[in-house]
Amino acid sequence: MKPFKIRDVEISPPLVLSPMAGVTDVPFRALLKRRGGIGLTVSEFISVEGLTRNNPKSRRQMRFFDYERPFAVQIFGGQPERMRMAAEMAEEVGADILDVNCGCPAPEVVKHGGGSGLLRELPRLETILKEIKKAISIPLTIKIRAGFYDHTRNAVEVARMAEACGVEHIALHGRTKEQGYKGWADWDLVRQVKEAVRVPVSGSGDVVTVEDAFRRWRETGCDGILIGRGAMANPWIFRQIEDASAGREPYQPSLEEKRAVLLEYFELLRADMPEFAAIGRMKQLAGQFTKGLTGGARFRQVIYHSHSAEEVLDRIGEYFETVRAGRTYVGEGGPDEPDAEAPALDSCEAASVEA
Ligand SMILES: Cc1cc2nc3c(=O)[nH]c(=O)nc-3n(C[C@H](O)[C@H](O)[C@H](O)COP(=O)(O)O)c2cc1C
(Lines give C-alpha, C1' and ligand atoms only; values in the text may rest on other atoms or scores of the structure.)
Protein backbone atom coordinates (compact mmCIF):
# COMPACT_ATOMS: atom_id res chain seq x y z
CA MET A 1 0.00 0.00 0.00
CA LYS A 2 1.31 3.44 -0.86
CA PRO A 3 0.06 6.96 -0.24
CA PHE A 4 -1.67 8.80 -3.06
CA LYS A 5 -2.54 12.38 -3.75
CA ILE A 6 -5.77 14.15 -4.52
CA ARG A 7 -4.09 17.06 -6.29
CA ASP A 8 -1.74 18.29 -3.54
CA VAL A 9 -3.57 16.62 -0.64
CA GLU A 10 -1.63 13.57 0.44
CA ILE A 11 -3.70 10.59 1.58
CA SER A 12 -1.27 8.71 3.77
CA PRO A 13 -1.90 5.93 4.58
CA PRO A 14 -4.31 5.44 1.66
CA LEU A 15 -7.15 4.54 4.00
CA VAL A 16 -10.36 6.51 4.34
CA LEU A 17 -12.88 6.46 7.16
CA SER A 18 -15.96 6.05 4.98
CA PRO A 19 -18.70 8.65 5.51
CA MET A 20 -21.65 7.32 7.47
CA ALA A 21 -24.67 9.49 8.23
CA GLY A 22 -25.56 9.41 11.90
CA VAL A 23 -22.16 7.89 12.72
CA THR A 24 -19.09 9.75 11.43
CA ASP A 25 -19.56 12.99 13.33
CA VAL A 26 -16.97 14.80 15.46
CA PRO A 27 -16.99 12.33 18.42
CA PHE A 28 -16.79 9.20 16.26
CA ARG A 29 -14.07 10.64 14.05
CA ALA A 30 -12.09 11.66 17.14
CA LEU A 31 -12.37 8.15 18.56
CA LEU A 32 -11.19 6.60 15.31
CA LYS A 33 -8.49 9.14 14.53
CA ARG A 34 -6.93 8.47 17.96
CA ARG A 35 -6.55 4.80 17.06
CA GLY A 36 -4.39 5.75 14.05
CA GLY A 37 -4.01 4.60 10.47
CA ILE A 38 -6.52 6.95 8.83
CA GLY A 39 -5.38 9.00 5.83
CA LEU A 40 -8.62 10.89 5.19
CA THR A 41 -11.69 11.67 7.27
CA VAL A 42 -15.02 12.69 5.76
CA SER A 43 -18.05 14.38 7.31
CA GLU A 44 -21.44 12.75 7.35
CA PHE A 45 -23.34 13.66 4.19
CA ILE A 46 -24.76 17.14 4.64
CA SER A 47 -27.94 18.45 3.06
CA VAL A 48 -27.31 21.41 0.76
CA GLU A 49 -30.90 22.48 1.35
CA GLY A 50 -30.14 22.65 5.07
CA LEU A 51 -26.76 24.32 4.64
CA THR A 52 -27.90 27.03 2.30
CA ARG A 53 -30.91 27.82 4.49
CA ASN A 54 -28.69 28.10 7.53
CA ASN A 55 -30.13 25.06 9.26
CA PRO A 56 -28.12 24.79 12.52
CA LYS A 57 -27.92 21.00 12.29
CA SER A 58 -26.38 21.14 8.83
CA ARG A 59 -23.89 23.82 9.84
CA ARG A 60 -22.94 21.76 12.86
CA GLN A 61 -22.26 18.78 10.63
CA MET A 62 -19.55 20.77 8.87
CA ARG A 63 -17.49 21.16 12.05
CA PHE A 64 -14.09 19.53 12.18
CA PHE A 65 -10.80 19.90 14.01
CA ASP A 66 -7.30 20.41 12.65
CA TYR A 67 -6.15 17.00 13.88
CA GLU A 68 -8.58 15.44 11.41
CA ARG A 69 -6.88 16.84 8.35
CA PRO A 70 -7.00 16.06 5.57
CA PHE A 71 -10.75 16.42 5.90
CA ALA A 72 -13.46 16.25 3.26
CA VAL A 73 -16.94 17.72 3.55
CA GLN A 74 -19.52 15.59 1.77
CA ILE A 75 -22.67 17.28 0.50
CA PHE A 76 -25.85 15.90 -1.03
CA GLY A 77 -28.60 17.46 -3.08
CA GLY A 78 -29.91 17.68 -6.61
CA GLN A 79 -30.15 21.37 -7.31
CA PRO A 80 -27.03 22.80 -9.04
CA GLU A 81 -27.26 26.30 -7.58
CA ARG A 82 -27.62 25.05 -4.00
CA MET A 83 -24.87 22.48 -4.51
CA ARG A 84 -22.55 25.25 -5.66
CA MET A 85 -23.44 27.47 -2.69
CA ALA A 86 -22.91 24.62 -0.23
CA ALA A 87 -19.56 23.76 -1.84
CA GLU A 88 -18.45 27.36 -1.36
CA MET A 89 -19.46 27.17 2.29
CA ALA A 90 -17.36 24.04 2.76
CA GLU A 91 -14.36 25.75 1.24
CA GLU A 92 -14.94 28.75 3.49
CA VAL A 93 -14.84 26.67 6.67
CA GLY A 94 -11.49 25.29 5.55
CA ALA A 95 -12.27 21.79 4.27
CA ASP A 96 -9.41 20.28 2.27
CA ILE A 97 -11.71 18.50 -0.18
CA LEU A 98 -15.33 18.81 -1.32
CA ASP A 99 -17.06 15.50 -1.97
CA VAL A 100 -20.40 15.04 -3.73
CA ASN A 101 -22.60 12.16 -2.59
CA CYS A 102 -23.88 10.18 -5.56
CA GLY A 103 -24.69 7.04 -3.65
CA CYS A 104 -27.29 7.50 -0.94
CA PRO A 105 -30.28 5.26 -1.72
CA ALA A 106 -32.78 6.90 0.70
CA PRO A 107 -36.08 7.69 -1.06
CA GLU A 108 -36.22 11.16 0.51
CA VAL A 109 -32.85 12.01 -1.04
CA VAL A 110 -33.39 10.31 -4.41
CA LYS A 111 -36.81 11.93 -4.81
CA HIS A 112 -35.16 15.35 -4.93
CA GLY A 113 -32.59 14.19 -7.46
CA GLY A 114 -29.74 13.80 -4.96
CA GLY A 115 -27.60 10.88 -3.79
CA SER A 116 -27.81 7.86 -6.08
CA GLY A 117 -30.55 9.71 -8.02
CA LEU A 118 -27.72 11.54 -9.79
CA LEU A 119 -26.57 8.26 -11.32
CA ARG A 120 -29.66 8.12 -13.50
CA GLU A 121 -29.55 11.76 -14.48
CA LEU A 122 -26.08 12.29 -15.85
CA PRO A 123 -26.78 15.67 -17.51
CA ARG A 124 -27.86 17.00 -14.11
CA LEU A 125 -24.80 15.53 -12.43
CA GLU A 126 -22.60 17.06 -15.10
CA THR A 127 -24.14 20.50 -14.56
CA ILE A 128 -23.66 20.19 -10.81
CA LEU A 129 -20.01 19.16 -11.12
CA LYS A 130 -19.22 21.95 -13.57
CA GLU A 131 -20.98 24.55 -11.42
CA ILE A 132 -19.08 23.47 -8.31
CA LYS A 133 -15.80 23.25 -10.16
CA LYS A 134 -16.11 26.86 -11.30
CA ALA A 135 -16.83 28.04 -7.76
CA ILE A 136 -14.22 26.33 -5.54
CA SER A 137 -10.47 26.01 -5.58
CA ILE A 138 -10.13 22.94 -3.30
CA PRO A 139 -10.28 19.54 -5.03
CA LEU A 140 -13.70 18.20 -5.99
CA THR A 141 -14.33 14.45 -5.53
CA ILE A 142 -17.33 12.15 -5.85
CA LYS A 143 -18.53 8.99 -4.14
CA ILE A 144 -20.71 6.83 -6.32
CA ARG A 145 -22.45 3.48 -6.37
CA ALA A 146 -22.21 0.87 -9.14
CA GLY A 147 -25.33 2.29 -10.75
CA PHE A 148 -28.96 3.03 -10.00
CA TYR A 149 -30.67 -0.20 -11.10
CA ASP A 150 -28.98 -3.57 -11.28
CA HIS A 151 -29.42 -3.40 -15.06
CA THR A 152 -27.96 0.12 -15.38
CA ARG A 153 -24.52 -0.26 -13.86
CA ASN A 154 -22.90 2.86 -15.26
CA ALA A 155 -20.07 3.52 -12.80
CA VAL A 156 -17.45 3.54 -15.57
CA GLU A 157 -19.44 6.03 -17.65
CA VAL A 158 -20.06 8.23 -14.61
CA ALA A 159 -16.38 8.14 -13.67
CA ARG A 160 -15.28 9.18 -17.18
CA MET A 161 -17.78 12.02 -17.28
CA ALA A 162 -16.77 13.18 -13.80
CA GLU A 163 -13.11 13.18 -14.72
CA ALA A 164 -13.89 15.30 -17.77
CA CYS A 165 -15.63 17.79 -15.44
CA GLY A 166 -12.49 18.11 -13.34
CA VAL A 167 -13.30 15.68 -10.52
CA GLU A 168 -10.02 14.63 -8.88
CA HIS A 169 -10.87 11.43 -7.00
CA ILE A 170 -13.56 8.82 -7.43
CA ALA A 171 -14.70 6.52 -4.63
CA LEU A 172 -16.89 3.60 -5.67
CA HIS A 173 -19.13 1.53 -3.42
CA GLY A 174 -19.71 -1.44 -5.69
CA ARG A 175 -23.41 -1.96 -4.97
CA THR A 176 -26.28 -0.51 -6.97
CA LYS A 177 -28.94 1.69 -5.43
CA GLU A 178 -31.44 -1.10 -6.16
CA GLN A 179 -29.27 -3.51 -4.21
CA GLY A 180 -29.24 -1.32 -1.09
CA TYR A 181 -26.97 -3.22 1.29
CA LYS A 182 -27.82 -6.70 0.08
CA GLY A 183 -25.30 -9.07 -1.44
CA TRP A 184 -21.70 -8.03 -1.87
CA ALA A 185 -19.95 -5.02 -3.32
CA ASP A 186 -18.58 -5.63 -6.81
CA TRP A 187 -14.87 -4.89 -6.61
CA ASP A 188 -14.26 -5.87 -10.21
CA LEU A 189 -16.09 -2.67 -11.08
CA VAL A 190 -13.54 -0.79 -8.96
CA ARG A 191 -10.85 -2.33 -11.16
CA GLN A 192 -12.73 -1.28 -14.30
CA VAL A 193 -13.13 2.29 -13.10
CA LYS A 194 -9.47 2.43 -12.13
CA GLU A 195 -8.55 1.35 -15.65
CA ALA A 196 -10.92 3.86 -17.24
CA VAL A 197 -9.69 7.10 -15.62
CA ARG A 198 -6.41 8.79 -14.73
CA VAL A 199 -7.51 10.34 -11.43
CA PRO A 200 -7.08 8.25 -8.26
CA VAL A 201 -9.80 5.72 -7.53
CA SER A 202 -10.75 4.17 -4.19
CA GLY A 203 -13.01 1.23 -3.44
CA SER A 204 -15.62 0.76 -0.75
CA GLY A 205 -17.62 -2.17 0.51
CA ASP A 206 -17.32 -5.06 2.92
CA VAL A 207 -13.69 -4.57 3.97
CA VAL A 208 -13.67 -5.90 7.54
CA THR A 209 -10.24 -7.48 7.94
CA VAL A 210 -6.63 -6.67 7.17
CA GLU A 211 -6.64 -9.45 4.59
CA ASP A 212 -9.72 -8.03 2.84
CA ALA A 213 -7.92 -4.73 2.34
CA PHE A 214 -4.77 -6.24 0.82
CA ARG A 215 -6.77 -8.59 -1.37
CA ARG A 216 -8.78 -5.67 -2.77
CA TRP A 217 -5.65 -3.66 -3.52
CA ARG A 218 -4.09 -6.62 -5.29
CA GLU A 219 -7.18 -7.47 -7.29
CA THR A 220 -8.14 -3.97 -8.42
CA GLY A 221 -5.00 -1.81 -8.40
CA CYS A 222 -7.09 0.88 -6.68
CA ASP A 223 -5.39 3.75 -4.87
CA GLY A 224 -7.33 3.90 -1.63
CA ILE A 225 -9.71 1.85 0.44
CA LEU A 226 -12.70 3.13 2.39
CA ILE A 227 -13.87 1.35 5.51
CA GLY A 228 -17.21 2.10 7.11
CA ARG A 229 -19.05 -0.57 9.08
CA GLY A 230 -15.82 -2.49 9.65
CA ALA A 231 -14.48 0.49 11.59
CA MET A 232 -17.45 0.42 13.96
CA ALA A 233 -16.85 -3.23 14.74
CA ASN A 234 -13.09 -2.71 14.97
CA PRO A 235 -11.82 0.86 15.44
CA TRP A 236 -8.24 -0.43 15.22
CA ILE A 237 -8.64 -1.79 11.69
CA PHE A 238 -6.84 1.12 10.00
CA ARG A 239 -3.88 0.84 12.31
CA GLN A 240 -3.79 -2.93 11.84
CA ILE A 241 -3.63 -2.52 8.06
CA GLU A 242 -0.87 0.03 8.43
CA ASP A 243 1.03 -2.34 10.75
CA ALA A 244 0.75 -5.23 8.31
CA SER A 245 1.87 -3.02 5.47
CA ALA A 246 5.00 -2.04 7.41
CA GLY A 247 5.75 -5.69 8.14
CA ARG A 248 4.71 -5.44 11.79
CA GLU A 249 2.35 -7.78 13.60
CA PRO A 250 -1.10 -6.10 13.44
CA TYR A 251 -1.96 -4.46 16.73
CA GLN A 252 -4.30 -6.51 18.93
CA PRO A 253 -6.20 -4.50 21.55
CA SER A 254 -6.64 -6.09 24.95
CA LEU A 255 -10.05 -6.65 26.49
CA GLU A 256 -9.33 -3.76 28.84
CA GLU A 257 -8.66 -1.49 25.86
CA LYS A 258 -11.93 -2.50 24.25
CA ARG A 259 -13.74 -1.54 27.41
CA ALA A 260 -11.80 1.72 27.60
CA VAL A 261 -12.71 2.58 24.01
CA LEU A 262 -16.43 2.24 24.70
CA LEU A 263 -16.08 4.47 27.74
CA GLU A 264 -13.95 6.96 25.82
CA TYR A 265 -16.62 7.13 23.13
CA PHE A 266 -19.29 7.80 25.72
CA GLU A 267 -17.21 10.67 27.11
CA LEU A 268 -16.72 12.15 23.64
CA LEU A 269 -20.43 11.86 22.92
CA ARG A 270 -21.52 13.39 26.21
CA ALA A 271 -19.22 16.35 25.63
CA ASP A 272 -20.88 16.94 22.27
CA MET A 273 -24.59 16.23 22.63
CA PRO A 274 -27.44 15.82 25.13
CA GLU A 275 -27.35 12.70 27.26
CA PHE A 276 -30.29 10.92 25.62
CA ALA A 277 -28.67 11.31 22.22
CA ALA A 278 -25.33 10.08 23.56
CA ILE A 279 -27.03 7.00 25.01
CA GLY A 280 -28.63 6.26 21.63
CA ARG A 281 -25.29 6.50 19.89
CA MET A 282 -23.66 4.27 22.52
CA LYS A 283 -26.23 1.62 21.81
CA GLN A 284 -25.47 1.88 18.11
CA LEU A 285 -21.72 1.46 18.55
CA ALA A 286 -22.00 -1.18 21.26
CA GLY A 287 -24.16 -3.20 18.85
CA GLN A 288 -21.47 -3.27 16.18
CA PHE A 289 -18.53 -3.37 18.53
CA THR A 290 -19.55 -6.47 20.44
CA LYS A 291 -20.28 -8.57 17.36
CA GLY A 292 -18.34 -11.76 17.85
CA LEU A 293 -17.40 -11.07 21.51
CA THR A 294 -18.38 -13.72 24.06
CA GLY A 295 -21.80 -12.88 25.48
CA GLY A 296 -22.02 -9.95 23.05
CA ALA A 297 -25.60 -10.75 22.05
CA ARG A 298 -26.82 -10.63 25.64
CA PHE A 299 -24.83 -7.48 26.29
CA ARG A 300 -26.50 -5.79 23.33
CA GLN A 301 -29.94 -6.64 24.67
CA VAL A 302 -29.09 -5.24 28.05
CA ILE A 303 -27.51 -2.08 26.70
CA TYR A 304 -30.48 -1.41 24.39
CA HIS A 305 -32.70 -1.31 27.44
CA SER A 306 -30.54 1.07 29.44
CA HIS A 307 -31.99 4.52 29.95
CA SER A 308 -29.40 6.57 31.81
CA ALA A 309 -25.71 7.27 31.55
CA GLU A 310 -25.10 5.51 34.87
CA GLU A 311 -26.88 2.43 33.68
CA VAL A 312 -24.89 2.36 30.45
CA LEU A 313 -21.61 2.75 32.33
CA ASP A 314 -22.55 0.09 34.89
CA ARG A 315 -23.55 -2.39 32.20
CA ILE A 316 -20.32 -1.87 30.27
CA GLY A 317 -18.32 -2.37 33.47
CA GLU A 318 -20.22 -5.54 34.40
CA TYR A 319 -19.97 -7.00 30.94
CA PHE A 320 -16.23 -6.63 30.59
CA GLU A 321 -15.67 -7.79 34.17
CA THR A 322 -17.59 -11.01 33.46
CA VAL A 323 -15.73 -11.65 30.21
CA ARG A 324 -12.38 -10.96 31.92
CA ALA A 325 -13.22 -13.45 34.66
CA GLY A 326 -14.13 -16.04 32.03
CA ARG A 327 -17.76 -16.24 33.20
CA THR A 328 -20.90 -16.20 31.08
CA TYR A 329 -22.52 -12.80 30.91
CA VAL A 330 -26.15 -12.95 31.98
CA GLY A 331 -26.71 -9.24 32.60
CA GLU A 332 -29.62 -7.60 34.33
CA GLY A 333 -32.42 -5.72 32.67
CA GLY A 334 -33.74 -6.12 29.19
CA PRO A 335 -35.90 -8.98 27.97
CA ASP A 336 -34.54 -12.45 27.85
CA GLU A 337 -35.01 -13.16 24.21
CA PRO A 338 -32.62 -14.56 21.66
CA ASP A 339 -30.72 -11.85 19.80
CA ALA A 340 -27.78 -13.40 18.08
CA GLU A 341 -27.42 -10.62 15.54
CA ALA A 342 -26.76 -6.97 16.11
CA PRO A 343 -29.46 -4.98 14.32
CA ALA A 344 -28.49 -3.95 10.83
CA LEU A 345 -27.40 -0.37 10.34
CA ASP A 346 -29.79 1.47 8.11
CA SER A 347 -27.34 3.47 6.00
CA CYS A 348 -28.27 7.06 5.20
CA GLU A 349 -32.01 6.30 5.32
CA ALA A 350 -32.81 7.31 8.88
CA ALA A 351 -30.49 10.28 8.97
CA SER A 352 -31.72 11.71 5.70
CA VAL A 353 -35.32 11.95 6.76
CA GLU A 354 -34.40 14.72 9.19
CA ALA A 355 -31.93 16.32 6.79
C1 LIG B 1 -25.09 3.86 8.70
C2 LIG B 1 -24.50 4.19 7.36
C3 LIG B 1 -24.55 5.48 6.90
C4 LIG B 1 -23.98 5.81 5.65
N5 LIG B 1 -23.98 7.12 5.26
C6 LIG B 1 -23.27 7.47 4.14
C7 LIG B 1 -23.11 8.84 3.79
O8 LIG B 1 -23.58 9.75 4.48
N9 LIG B 1 -22.40 9.13 2.66
C10 LIG B 1 -21.86 8.16 1.86
O11 LIG B 1 -21.22 8.46 0.85
N12 LIG B 1 -22.00 6.84 2.18
C13 LIG B 1 -22.67 6.49 3.29
N14 LIG B 1 -22.75 5.16 3.66
C15 LIG B 1 -22.06 4.17 2.81
C16 LIG B 1 -20.65 3.88 3.36
O17 LIG B 1 -19.81 5.01 3.29
C18 LIG B 1 -19.98 2.72 2.59
O19 LIG B 1 -19.77 3.09 1.25
C20 LIG B 1 -20.82 1.45 2.63
O21 LIG B 1 -21.31 1.21 3.94
C22 LIG B 1 -20.00 0.22 2.22
O23 LIG B 1 -18.81 0.15 2.94
P24 LIG B 1 -18.61 -0.72 4.30
O25 LIG B 1 -18.97 -2.15 3.95
O26 LIG B 1 -17.15 -0.53 4.61
O27 LIG B 1 -19.51 -0.17 5.34
C28 LIG B 1 -23.36 4.81 4.85
C29 LIG B 1 -23.34 3.51 5.33
C30 LIG B 1 -23.89 3.18 6.55
C31 LIG B 1 -23.83 1.75 7.02
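Residues numbered from 1 in each chain as written. Predicted model: local features only at pLDDT ≥ 70, side-chain atom pairs only at ≥ 80, totals over all residues. Heavy atoms only, no water.

This part is about unusual backbone geometry. In this structure, the amide linkage connecting S12 to the following residue, P13, adopts the cis form with an omega of -5°. The topology assignment puts P13 in the loop between β2 (9-11) and β3 (15-17). The omega torsion of the bond from R69 to P70 falls at -5°, within 30 degrees of zero and hence cis. Of note, P70 is situated in the loop between α3 (56-61) and β5 (71-76). (Helix = DSSP H or I, 4+ residues; strand = E, 2+ residues; numbered from the N terminus.)

Remark: the centre distance and the inter-plane angle together describe each pair of aromatic rings, the angle taken between the planes. A full pass over the atoms with the stated rule returns eleven aromatic pairs. When the centroid spacing of 5.0 Å and the interplanar angle of 80° are considered together, the rings of Y319 and F320 count as edge-to-face. Taken as a pair, Y319 and F320 share a single burial class, namely buried. By way of ring pairs, the aromatic residues F299, Y319, F320 and Y329 are connected into one cluster. For R145, the ring lying beneath its charged end belongs to Y181, and the centroid distance is 5.1 Å. (Phe/Tyr/Trp six-rings, centres within 6.5 Å; stacked < 30°, edge-to-face > 60°. Buried < 20%, exposed > 50% of the residue type's maximum accessible area, 1.4 Å probe, protein only. Lys NZ or Arg CZ within 6 Å of the ring centre and 35° of its normal.)

What follows deals with the environment of L262. For L262, the position within the fold is in helix α12 (residues 255-272). The class for L262 is buried, based on a relative accessible area of 0%. Residues L262 and G77, spaced 185 residues apart in sequence, show a C-alpha to C-alpha distance of 34 Å. Non-local contacts of L262, meaning those with residues more than four positions away in its chain, are made with M282, L285, A286, F289, F299, I316 and F320. (Contact = heavy atoms within 4.5 Å.)

Turning to empty space enclosed by the protein, a few remarks are in order. Within this structure, the stated rule accounts for one cavity of 30 Å³ or more. Looking at the largest cavity, its volume works out to about 110 Å³. As for the largest cavity, its lining consists of 14 residues, of which L40, V42, D99, T141 and H169 are closest to the centre. Mapped by element, the contributors of at least two residues to the lining of the largest cavity are β4 (40-47), β6 (97-102) and β7 (140-147). With three residues, the top contributor of residues to the lining of the largest cavity is β7. Classifying every residue of the lining of the largest cavity gives ten nonpolar, two polar and two charged. (1 Å grid on protein atoms, 1.4 Å probe; cavity = no way out; pocket = protein on both sides within 12 Å on 5 of 7 lines; lining within 4 Å. Points joined across faces, edges and corners; volume = space filled by probe spheres on them. Nonpolar A, V, L, I, M, F, W, Y, C, P; charged D, E, K, R; others polar.)

Attention shifts here to the layout of surface pockets. Computed from the structure, the second largest pocket encloses a volume of approximately 280 Å³. Taken together, 17 residues line the second largest pocket, and the ones lying closest to its centre are A233, N234, Q240, Q252 and K258. Class assignment of the residues belonging to the lining of the second largest pocket gives a composition of nine nonpolar, five polar and three charged.

One closed barrel holds the eight strands; their spatial order is β3-β4-β5-β6-β7-β8-β9-β10, and the pairing between them is parallel. Averaged over all neighbouring strand pairs, the angle between strand axes comes to 30°, with direction disregarded. Summarising the sheet, β7 and strand β8 (residues 170-176) pair through five bridges and their orientation is parallel. Across the sheet, residue K143 finds its bridge partner in β8, namely A171. Along the sheet, helix α4 (residues 80-92) contacts β5 and β6; its crossing angle with β5, the most-contacted strand, is approximately 160°. Those strands touched by helix α8 (residues 187-196) are β7, β8, β9 (201-204) and β10 (224-227), and its axis lies near 175° from that of β9. (Pairing = 2+ DSSP bridges. Axes fitted to C-alpha atoms, helices over the stretch in contact; angles between N-to-C directions.)

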